[in-house]
Amino acid sequence: MEQKNLSELTDEELLQEAKKRKSAAITNAILIGFLIGVVFFSVMKNSLGFLTLIPLFFIYKLTNNSKYNNQELENLLKERGLK
C-alpha cells in the first residue's frame, strides 16, 4: 500500500488522519511518561548506566514517530475549512 501525500487525501481521509494523530499523541504521551518514570526509578535505585539509556532511546523514537508533518496537516485542515 502506497502512502499518499496529504494534499491528495480527501476531506474524510484528512479528518480520519487527524483523529489517528490525536489518539497516537495521547498514547505516545502515556508511554513517554512511563519510560521517564522507569529512568527516574533506575537512576534513584542504582545509578546512570547503559540500561538506563535504553528507555531514553525509546523516548527519542516515540517523539520522532510521525508519517506526515503535523503543521502541514493543520494547514490543510484550515485551508479546507474542516477544523
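What you see is a predicted model; the values in this text were computed from it and never measured. (Residues numbered from 1 in each chain as written. Predicted model: local features only at pLDDT ≥ 70, side-chain atom pairs only at ≥ 80, totals over all residues. Heavy atoms only, no water.)

A. The pattern of salt bridges, seen in detail. In total, this model carries two salt bridges according to the counting rule given. Here Asp11 makes a salt bridge to Arg80, at a shortest N to O gap of 3.1 Å. With Asp11 in helix H1 (residues 11-45) and Arg80 in the segment after helix H3 (70-79), the pair connects residues that are 69 residues apart, well separated along the chain. Judged by relative accessible area, Arg80 falls into the partly exposed class, the value being 28%. With a shortest N-O distance of 3.6 Å, Arg21 and Glu17 are connected by a salt bridge. Of this pair, Arg21 and Glu17 both sit in helix H1, separated by four residues, roughly a single helical turn. Under the relative-accessibility criterion, Arg21 is labelled buried at 14%. The exposure class assigned to Glu17 is buried, which follows from its relative accessible area of 9%. (Salt bridge = Lys/Arg side-chain N within 4 Å of Asp/Glu carboxyl O. Helix = DSSP H or I, 4+ residues; strand = E, 2+ residues; numbered from the N terminus. Buried < 20%, exposed > 50% of the residue type's maximum accessible area, 1.4 Å probe, protein only.)

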